[in-house]
There are 2 protein chains.
Amino acid sequence: MSIQTPDWVKHAVFYQIFPDRFAMSQKQQQQRSALTRLEPWDAPPTYWGYKGGDLWGVIENLDYLQDLGINAVYFTPIFQSASNHRYHTHDYYQVDPILGGNEAFKALLDAVHERGMKLVLDGVFNHSSRGFFFFHDVLENGASSPWVDWFHIKGWPLSPYDDTLPANYGAWAGLRALPEFNHHNPHVREYLMQIAEYWIKQGIDGWRLDVPAEIRVPGFWQEFRDRVKAINPNAYIVGEIWLDARQWLDGTQFDGVMNYLFAAPTIAFTAGDRVDVSLVEGRSYYPYPAISASEYAQKMQQVLQLYPWEIQLTQLNLLDSHDTSRLVSIAQGDWDSLKLATLLLLTFPGAPSIYYGDEVGLAGGIDPDCRRGFPPEADWNLEILEWHRELIKLRHKYTALRIGDYRVLSAKGGVYVFSRNWENETLIIAINAGTEPEKANFEVEGFARNNSINLLFGEAKVKFENSENSLSLEIDLLPRSGAILSF
Amino acid sequence: MSIQTPDWVKHAVFYQIFPDRFAMSQKQQQQRSALTRLEPWDAPPTYWGYKGGDLWGVIENLDYLQDLGINAVYFTPIFQSASNHRYHTHDYYQVDPILGGNEAFKALLDAVHERGMKLVLDGVFNHSSRGFFFFHDVLENGASSPWVDWFHIKGWPLSPYDDTLPANYGAWAGLRALPEFNHHNPHVREYLMQIAEYWIKQGIDGWRLDVPAEIRVPGFWQEFRDRVKAINPNAYIVGEIWLDARQWLDGTQFDGVMNYLFAAPTIAFTAGDRVDVSLVEGRSYYPYPAISASEYAQKMQQVLQLYPWEIQLTQLNLLDSHDTSRLVSIAQGDWDSLKLATLLLLTFPGAPSIYYGDEVGLAGGIDPDCRRGFPPEADWNLEILEWHRELIKLRHKYTALRIGDYRVLSAKGGVYVFSRNWENETLIIAINAGTEPEKANFEVEGFARNNSINLLFGEAKVKFENSENSLSLEIDLLPRSGAILSF
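Each chain has its residues counted from 1, running along the sequence as written. All chains are assigned letters beginning with A, and all ligands numbers beginning with 1, in the order in which they are written. This being a predicted model, a pLDDT of at least 70 is required before a residue's local features are given, and a value of 80 or more before pairs of side-chain atoms are given or counted; all residues contribute to the totals for chains, interfaces and linings. The side-chain values count all of the structure's non-hydrogen atoms but skip hydrogen atoms and water molecules.

**Some thoughts on the overall build of chain A**
For step 1, the next point in the chain: Within chain A one finds 16 helices and 18 strands.
For step 2, the next point in the chain: The C-alpha radius of gyration computed for chain A amounts to 23 Å, which stays within 12% of the reference 23 Å derived for 487 residues, consistent with globular compactness.
For step 3, the next point in the chain: For chain A, the spread of C-alpha atoms along the principal axes amounts to about 80 × 55 × 45 Å.
For step 4, the next point in the chain: Taking the intrachain contacts of chain A between residues at least 6 apart in sequence as the baseline, contacts between residues at least 24 apart amount to 69%.
For step 5, the next point in the chain: In short, Shrake-Rupley with a 1.4 Å probe defines the accessible areas, and a residue's cover is counted only from the protein chains shown. For chain A, the accessible area works out to roughly 17,600 Å², and carbon and sulfur atoms hold 48% of it.
For step 6, the next point in the chain: In this count, Lys and Arg are taken as positive residues and Asp and Glu as negative ones, while His and the chain termini are left out. Charge placement uses NZ in Lys and CZ in Arg. For Asp and Glu, CG and CD serve respectively. The averaged location of the 61 negative side-chain charges in chain A is 1 Å from the averaged location of its 41 positive side-chain charges. The numbering of helices and of strands both runs from the N terminus, where a helix is a DSSP run of H or I of at least 4 residues and a strand a run of E of at least 2. Here the radius of gyration uses the C-alpha set of atoms, whereas the globule reference equals 2.2 Å times the residue count to the power 0.38. Contacts are residue-level and defined by heavy atoms, with any inter-residue pair within 4.5 Å sufficient.

**Quick word on the UniProt feature "domain: Glycosyl hydrolase family 13 catalytic" (unreviewed entry) in chain A**
For step 1, the next point in the chain: UniProt positions are given in the numbering used here, feature names are shortened, and annotations may be inferred rather than shown by experiment. The UniProt entry lists residues 16-395 of chain A under the feature "domain: Glycosyl hydrolase family 13 catalytic" (unreviewed entry), expressed in the numbering used here.
For step 2, the next point in the chain: The distance separating the terminal C-alpha atoms of residues 16-395 of chain A is 18 Å; by composition the span is 35% helix and 11% strand.

**Some details on the domain arrangement of chain A**
All names here are of chain A.
For step 1, the next point in the chain: Assigned domains of chain A: these are domain 1 (7-126 + 181-397) and domain 2 (404-486).
For step 2, the next point in the chain: Throughout, the accessible surface (probe 1.4 Å) given up by two parts as they are put together, summed over both, is called the buried area. For the pair domain 1 and domain 2, the summed buried area comes to about 1,900 Å², and 71% of that belongs to carbon and sulfur atoms.
For step 3, the next point in the chain: When residues of domain 1 are sorted by the area they lose upon contact with domain 2, Leu340, Thr347 and Leu394 head the list and together hold 25% of the total.
For step 4, the next point in the chain: The rule for a salt bridge is simple: a side-chain nitrogen of Lys or Arg has to be within 4 Å of a carboxyl oxygen of Asp or Glu. The interface formed by domain 1 and domain 2 holds one salt bridge in total.
For step 5, the next point in the chain: Asp334 serves as the salt-bridge partner of Arg480, at 2.6 Å between the closest nitrogen and oxygen. For every domain, the bounds stem from an assignment made automatically or drawn from a database.

**Comments concerning the relation of the copies chain A and chain B**
Taken together, a rotation about one axis and a shift along it account for how the two chain copies relate.
For step 1, the next point in the chain: Taken as rigid bodies, chain A and chain B are interconverted by a rotation of 180° and an axial shift of 0.0 Å, the fit giving an RMSD of 0.0 Å. What the rotation and shift describe, once combined, is the action of a two-fold rotation axis. For chain A, the smallest separation between a C-alpha atom and the rotation axis is recorded for Gly131 of chain A, amounting to 2.3 Å.
For step 2, the next point in the chain: Counting the interface residues of chain A, we find that 100% of their copies in chain B are interface residues as well, pointing to one common contact surface. The fit set for superposing copies consists of C-alpha atoms from residues with pLDDT of at least 70 in both; the fit itself is least squares.

**Concerning the nonpolar core**
For step 1, the next point in the chain: Core analysis: the largest hydrophobic core is formed by 151 residues, its most contacted members being Phe14, Tyr15, Phe105, Trp207 and Tyr416 of chain B.
For step 2, the next point in the chain: Formed by 150 residues, the second largest nonpolar core is a distinct cluster that contains Phe224, Phe262, Leu316 and Trp380 of chain A. Residue types Ala, Val, Leu, Ile, Met, Phe, Trp, Tyr and Cys, when buried and joined through side-chain atoms within 4.5 Å, form a set referred to as a nonpolar core. A simple rule labels every residue: compare its accessible area, found with a 1.4 Å probe on the protein chains alone, to the largest value its type can have, and call it buried under 20%, exposed over 50%, or partly exposed in between.

**Remarks on helix H11 (residues 293-306) of chain A**
Residues and elements named next belong to chain A.
For step 1, the next point in the chain: One fewer than the residue count of a helix, multiplied by 1.5 Å, yields its expected span. Over its 14 residues, H11 runs 20 Å from end to end, which matches the ideal 20 Å to within 8%, given 1.5 Å per residue.
For step 2, the next point in the chain: For H11, the complete set of buried residues consists of Ala293, Tyr296, Ala297, Met300, Val303 and Leu304. Taken down its axis, H11 places every buried residue within 135° of arc, on the same side.
For step 3, the next point in the chain: Tucked inside the fold, the buried residues of H11 contact strand E8 (256-259), helix H10 (260-270), helix H12 (309-312), helix H14 (335-345), strand E11 (405-412) and strand E12 (415-422). Directions drawn from the helix axis to the C-beta atoms are what define this arc.

**Topic: the environment of Leu338 of chain B**
All names here are of chain B.
For step 1, the next point in the chain: Note that Leu338 resides in helix H14 (residues 335-345).
For step 2, the next point in the chain: A sequence separation of 137 residues divides Leu338 from Lys201, and the C-alpha atoms of the two residues are 38 Å apart.
For step 3, the next point in the chain: Apart from residues no more than four positions distant in its own chain, Leu338 is found in contact with Leu327, Val328, Asp358 and Ile384.

**Re the packing of aromatic side chains**
For step 1, the next point in the chain: Each Phe, Tyr or Trp ring, with Trp reduced to its six-membered ring, pairs with another whose centre is within 6.5 Å; inter-plane angles below 30 degrees give stacked pairs, above 60 give edge-to-face pairs, and intermediate values give tilted ones. Inspection of every chain in the model, using the stated rule, returns 96 aromatic pairs over all chains.
For step 2, the next point in the chain: A cation over a ring is seen here: Arg326 of chain A above Tyr356 of chain A, with NZ or CZ 4.6 Å from the ring centre. Whether a charge sits over a ring comes down to the Lys NZ or Arg CZ being within 6 Å of the ring centre and within 35 degrees of the ring normal.

**Comments concerning the interface of chain A and chain B**
For step 1, the next point in the chain: Facing the 43 residues of chain A at the interface are 43 residues of chain B.
For step 2, the next point in the chain: Across the chain A to chain B interface the summed buried area is about 3,500 Å²; carbon plus sulfur atoms make up 56%.
For step 3, the next point in the chain: In terms of surface lost to chain B, no three residues of chain A exceed Arg37, Phe133 and Glu140 of chain A, which account for 20% of the buried area on that side.
For step 4, the next point in the chain: The closest approach of N and O atoms between Asp149 of chain A and Arg37 of chain B, which form a salt bridge, is 3.7 Å.
For step 5, the next point in the chain: Among the secondary structure elements, those contributing two or more residues to the side of chain A that touches chain B are strand E3 (79-81), strand E4 (89-95) and helix H7 (133-141) of chain A.
For step 6, the next point in the chain: The element contributing the most residues to the side of chain A that touches chain B is H7 of chain A, with seven residues.
For step 7, the next point in the chain: Tallied by class, the residues present in the side of chain A that touches chain B amount to 19 nonpolar, 16 polar and eight charged. Residue polarity follows a fixed list, in which Ala, Val, Leu, Ile, Met, Phe, Trp, Tyr, Cys and Pro are nonpolar, Asp, Glu, Lys and Arg are charged, and the others, Gly among them, are polar.

**Points about the sheet that holds strand E12 (residues 415-422) of chain B**
Residue and element names in this part refer to chain B.
For step 1, the next point in the chain: Strand pairing follows a simple DSSP-based rule, namely that at least 2 bridges must link the two strands. Spatially, E11-E12-E13-E18-E15 is the arrangement adopted by the five strands of the open sheet, whose pairing is antiparallel. Each edge of the open sheet is held by one strand with a lone partner, namely strand E11 (405-412) and strand E15 (454-458). With direction set aside, neighbouring strand axes in the sheet form an average angle of 20°.
For step 2, the next point in the chain: Bridge analysis of E15 against strand E18 (residues 481-486) gives four bridges, and the strand direction is antiparallel. Paired with Phe457 across the two strands is Ile484, which belongs to E18.
For step 3, the next point in the chain: Against the sheet, helix H11 (residues 293-306) touches E11 and E12, its axis set at about 160° to E11. Note on geometry: axes are C-alpha line fits, over the in-contact stretch for helices, and angles between N-to-C directions span 0 to 180 degrees.

**Observations regarding the environment of Leu455 of chain A**
For step 1, the next point in the chain: Considering the arrangement of structural elements, one finds Leu455 of chain A in strand E15 (residues 454-458).
For step 2, the next point in the chain: When the C-alpha atoms of Leu455 of chain A and Trp199 of chain A are compared, they prove to be 44 Å apart, with 256 residues separating the residues in sequence.

**A closer look at the packing of helix H10 (residues 260-270) of chain B against H11 of chain B**
All names here are of chain B.
For step 1, the next point in the chain: Remark: H10 packs on H11, axes separated minimally by 10 Å, with the N-to-C direction vectors making an angle of 175°. By the angle between their axes, H10 is roughly antiparallel relative to H11. Contacts from Leu261, Phe262, Pro265, Thr266 and Phe269 in H10 reach Ala293, Tyr296, Lys299, Met300, Val303 and Leu306 in H11.
For step 2, the next point in the chain: Broken down by class, the residue content of the contact of H10 with H11 amounts to nine nonpolar, one polar and one charged. These descriptions rest on fixed angle ranges, namely under 35 degrees for roughly parallel, over 145 for roughly antiparallel, 65 to 115 for roughly perpendicular, and the rest for oblique.

**Points about the sheet that holds strand E14 (residues 438-445) of chain B**
Residues and elements named next belong to chain B.
For step 1, the next point in the chain: Read across the open sheet, the three strands follow the order E14-E17-E16; overall the sheet is antiparallel. The outermost strands of the open sheet, each flanked by one partner alone, are E14 and strand E16 (461-466). Across the sheet, the axes of successive neighbouring strands diverge by a mean angle of 15°, strand direction being ignored.
For step 2, the next point in the chain: Here E16 pairs with strand E17 (residues 470-477) via six bridges, running antiparallel. From the neighbouring strand, Phe464 faces E17, where its bridge partner is Leu473.

See below:
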């Protein structure tokens, strides 16, 4: 079987939206009297408070996203849920009322599609919430509930809220708020499959899957893929797997994963010793200690060898997310780290995903701090925004940046150079992560021979010499800088 | 302002269905593997168990109901709820999945309307459930929830399930399972009004309102009526008020109430000393001690004087319900009590409502026992069924029984005689609740003079004599018998 992944993803630039924090619509602002307890938009996020971002607000900002070059949006959960992150679902068929409900979602989906953009939703199929109807029934009726076998009940009584008593049910990470489904029950599986099908039929372009490794029932994700793709063969299925994802990336399950295996070395290389370890330790990724260009090259080649190329092109690459500190905070405010990492993100095979606000320099530590309200324009870092805009533009312009071969050309000290090649289009990307000016000298074979080299982005001085079989290059880079060259 | 109530109700014979117990469809029976913990249909009902009756099952039995003469069905709650009685709503916009969900309801509503029948739903707007989304959000997020003001929060933390701690929120009858809405909050009121409107727009023919006296915010029920009637002027609004309901029956709120003021004296008169007080005491009605015919006459005249005639004709008259013991059990198995009371029910002004199963002699004590599974045909009391069928047929045949004047003609000892008159149609109903044969002698004025009297129903010997200004009647009744006469 040859592996098939959706073509559009290979050409997508994603934007990840945490809906409570991206934008509050005019409508929502008028209705604040109905939601008197919303937290102030600019106050530090808390575990329990809502800020009132909504999907109407996203619609109002689609111009902004499109102008930035975004052509796909991935939302953290939007279904009715009694938490600001909405990871414990109360009803899989209802969009949260604060977000504007199903009505706002339909309007959003239409608006996104009218612009030729794509929309991916976050599916939380491992666990539900204490208020989820079927679990709630077990809380109310105990052993008499028809839905007992939908969960992992270990004894009676259940203790959903009082943590001085045993919960007596299986819960994700032991959190009582997140009762886990019993995926061995075929009725549960069918229930979940129908949710997946329903929203694909409504027109969404794919599912991001929350903690899919927790669902270990053989065949679950294969059936999920088969049923989703039967409705929309181009639907994107991307799993939240932080480490080696080979068992899910065999072509029968996911099209890609959240590529933290890209994120971590990229941070360790570009931010290096600037990384505030307290903001990244104890997570499932390792953006520390600092690594050299050659170590980075090794890591990138490892990750590229891990999965088939067709999968690589539909990985969801990222630098940070709602589950991590933001890069600028990890790098303790060092903007160059963010710039260099973003340059690597936008030139890597697979779909880049920009976590809302990163493009304007929004900071934030581990959650909930990484989920701040999108800042007002006065607080934007316009240099960072322009950096993103230009890189996205180049990615859209050059096919090689999206689906071209990836080849490490040089990796010494702080300097990392690689090429992306597609038919006659060759781009070279060079980064100096070090604090001194550096020069990269290397020869490459097999490139198309041109007589000129163009600097497409960034700063670099380049000398080159064509010989019969190879090209000899010398690239001078200032400290903490990078460039994209074409020739 | 003249009081307007829906004409169709004046001509309706209702059937009250407790959906978990009326009928399990073929479909549901096949799907029992998905609902492994359903209680056996014929086992005594419990507080916590489901039997799996569903709306597809109701559809399968519409022939039966229509054949019985039923032309309106009132359902106890059908919305998604984690209880077999479904009085604590989890989602007001979803019909419970065990009942077949919104799909089954739509099919039912269509099928009912195709037969020219009506359908009324039970609206529980005073309280919701612990799993109801907005309350669940308060449980999850505490004081940070945007929905705190939707309920009566008295302190933190809330204790929804552990009754060794104060609940810290207002709950109906102090039951933690039933958190009460804060109806002073205009957003709550709007939320509830929209539910009422939504289902009327879906095509239901009315709302039976659960514990409406608990909602004391001025204007609430007036607005409810106005908004419901704006969509369907013929929608029926009937409140669960057990005693004097004058404050709600002024024409600006309800069209009628559950007429326990009819039920209680009717039981006290027909069952008399047979009443098992342990099955009726401590409720909000008083079908004991035994009363004589004259006391019964007094009670009936009291209740008829309490409200305008237009309201009387759209009262919901009943003998028992899901909230009371069944009459045959109250009467300790005395079938005559049921027969005589049913005769009174079917000849009283206002819409009679037969609680599912009463017509085949289903027994049951206080709840949950009064909510048994509808019996298989082999267990039906066919005499009782025929008694119901004939009386319903007569009610449909004679306008006087539905909207004619009610006039007590005689009430002595155990014998109660009254007439129903409409234009030239006069019916006389006579009951001997006593255990000895009795004779009623009386004169009446103002009746149309006919030369013959017909026995339409039951047994009686009648002599009559016309004089110039009056009619002299003598009716011989066997013990514990009744009759309907026309002349």
